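Remarks on the overall topology
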Amino acid sequence: PTATQAALLVQEIDPTIGSPGRVPSEVGSIDHVAAALAGAVAGAVSIAAGLARPLQGRLMDRRGLVRLNAFCGIVHPAALIAIVAVSVDDGSHVLLLVLGVVAGLALPPVSTAMRVAWGEAAGEGDRTAAYSMVYLIQELSLLVAPLIFAALTAASSASAGLVAVAALSAVGTI
């Protein structure tokens, strides 16, 4: 994929980055193979994340939040950055799909982890307020991450935007 196609791939990879499938008018014509590949990688991320959630829940129960978040906070952003590197370098389509699966399997269960941690930390009377704060933080991240991505994409490139958001994901998870 070209840099433009990589930008499309970036938009498809992580739903917190922007609206998948919406392409700015200045992008021009789209290579349908690249768009299909971007969709396939995004699908691989989503399916793998869905399959990983029950296992992640079990790991949280058995090994605790810290270890799982540390692992996911490193592997997920690394996989996203690797997707950018491989796509910009016109790399293997199979490798992009494998990296998508890795990114999905390691998608940090931040929302679940926050609910568990804050639920345990809050007293019985404060639990509703704690859960409200969890949802507020989640909504703010869903609003702010696309703005950061858009600003970095406008100032530099979509690849730079995804790398920055991946780095913020690592910091926020760990």
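On a predicted model such as this, the values are computed, not experimentally measured, just so you know. Numbering of residues starts from 1 in each chain and follows the order in which that chain's sequence is written. Predicted model: local features are reported for residues with pLDDT of at least 70 only, side-chain atom pairs are reported and counted for 80 or more only, and whole-chain, interface and lining totals are derived from all residues. As a convention, hydrogens and water are excluded, and side-chain values are obtained from all of the structure's heavy atoms.

1. A word on the overall build of the protein chain
Convention followed: Only DSSP runs of H or I covering at least 4 residues are called helices, and only runs of E covering at least 2 are called strands; the numbering of each starts at the N terminus. The rule is simple: take the accessible area with a 1.4 Å probe, protein chains only, and divide by the maximum for that residue type; under 20% is buried, over 50% is exposed, in between is partly exposed. Only the protein chains shown count as cover for residues, and the accessible areas themselves come from Shrake-Rupley with a 1.4 Å probe.
For the protein chain, the helix and strand inventory stands at seven helices and zero strands. Each helix and strand of the protein chain, placed in order from N terminus to C terminus, yields the pattern α-α-α-α-α-α-α. Looking at the protein chain as a whole, 35% of its 174 residues qualify as buried. Counting every atom, the protein chain has about 9400 Å² of accessible surface; 66% of that belongs to carbon and sulfur.

2. Observations regarding helix H5 (residues 110-121)
To keep it simple, the criterion reads: Given a helix with a known number of residues, its expected span is that number minus one, times 1.5 Å. Here, two residues are considered to be in contact whenever any of their heavy atoms come within 4.5 Å of each other.
In this model, H5 (12 residues) spans 16 Å end to end at C-alpha, consistent with the 16 Å of a helix rising 1.5 Å per residue. Of the positions making up H5, those classed as buried are Ser111, Ala113, Met114 and Gly119. As for H5, its buried residues are in contact with helix H2 (32-63), helix H3 (65-88) and helix H6 (127-155).

3. Concerning helix H4 (residues 93-105)
Condition: Here, the arc refers to the directions that run from the helix axis to the C-beta atoms. Each polar contact in these results corresponds to two N or O atoms within 3.5 Å; when the atoms are within protein, one needs to be able to donate a hydrogen and the other to accept it, and residues that are neighboring in sequence are counted only if both atoms are side-chain atoms.
Helix length check: H4 (13 residues) gives 19 Å between terminal C-alpha atoms against 18 Å at 1.5 Å per residue, within 8%. For H4, the full list of buried residues reads Leu96, Leu99, Gly100, Ala103 and Gly104. Each buried residue of H4 lies within a common arc of 140 degrees when the element is viewed along its axis, so the set occupies one face. In this structure Ser92 caps H4, since a side-chain oxygen of it lies 3.2 Å from the backbone nitrogen of Val94.

4. Regarding the nonpolar core
To keep it simple, the criterion reads: What is meant by a nonpolar core is a set of buried Ala, Val, Leu, Ile, Met, Phe, Trp, Tyr and Cys residues, joined one to another through side-chain atoms within 4.5 Å.
Core analysis: the biggest nonpolar cluster contains 10 residues, these being Val45, Ala79, Leu80, Val84, Ala103, Phe149, Ala158, Leu162, Val165 and Ala166. If you list the elements that add at least two residues to this core, you get H3 and helix H7 (158-173). Here this core gets four residues from one element, more than from any other, and that element is H7. In terms of nonpolar packing, the next biggest core, distinct from the first, is built from six residues, Leu37, Val41, Val86 and Leu96 among them.

5. Let's talk about unusual backbone geometry
The backbone phi angle of Asp90 is positive, close to 55 degrees, even though this residue is not glycine. In this structure, Asp90 sits in the loop between H3 and H4.

6. Thoughts on the pattern of salt bridges
Pairing between side chains of opposite charge can happen when the charged atoms of each approach one another. Note the following rule: The term salt bridge refers to a pairing of a side-chain nitrogen on Lys or Arg with a carboxyl oxygen on Asp or Glu at a separation within 4 Å.
All chains considered together, the criterion is met by one salt bridge. Here Arg127 ties to Glu124 by a salt bridge, and the two come within 3.2 Å at their closest N and O atoms. Owing to a relative accessible area of 27%, Arg127 belongs among the partly exposed residues under this scheme.

7. Quick look at a positive patch on the surface
Heads up, the condition is: Here a patch means residues that are over 30% exposed by relative accessible area and free of salt bridges, tied together within 9 Å if like-charged and within 5 Å if nonpolar (Val, Leu, Ile, Met, Phe, Trp, Tyr). We count Lys and Arg on the positive side and Asp and Glu on the negative side, and we leave His and both chain ends out. Charge positions are represented by NZ for Lys, CZ for Arg, CG for Asp and CD for Glu.
Taken together, the side chains of Arg58, Arg62, Arg63 and Arg67 present a region of like positive charge at the surface. Take the positive patch: its biggest share by element is three residues, from H2. Topologically, Arg62 is positioned in helix H2. For Arg62, a relative accessible area of 61% translates into the label exposed.

8. Some words on the packing of H6 against H7
Rules: Interaxial angle, 0 to 180 degrees, is taken between N-to-C directions of lines fitted to C-alpha atoms, where a helix line uses only the stretch in contact. In this scheme, a crossing is called left-handed if the near helix is turned counterclockwise away from the far one by less than a right angle; it is called right-handed if the turn is clockwise.
For the pair H6 and H7, the least separation of the axes is 7 Å and the interaxial angle reads 145 degrees. Read as a crossing pair, H6 and H7 show a hand that is right-handed. For the pair H6 and H7, contact is made by Ala145, Ile148, Phe149, Leu152 and Thr153 and by Ala158, Ala160, Gly161, Leu162, Ala164, Val165 and Leu168, respectively.

9. Things to note about a nonpolar patch on the surface
Residues Met133, Leu136, Ile137, Leu140, Leu143 and Val144 make up a contiguous nonpolar surface patch of roughly 510 Å² in combined accessible area. Secondary-structure assignment places Met133 in helix H6.

10. Some details on the confidence of the model for the protein chain
Rules: pLDDT is a per-residue confidence score from the predictor, ranging from 0 to 100.
Looking at the protein chain, the pLDDT average stands at 83 and 82% of residues meet or exceed 70. Highest mean pLDDT in the protein chain belongs to H4 (96); lowest belongs to helix H1 (residues 3-13) (52). Counted against residues more than four places away or in other chains, residues 15-27, with its pLDDT under 50, gives 17 contacts.

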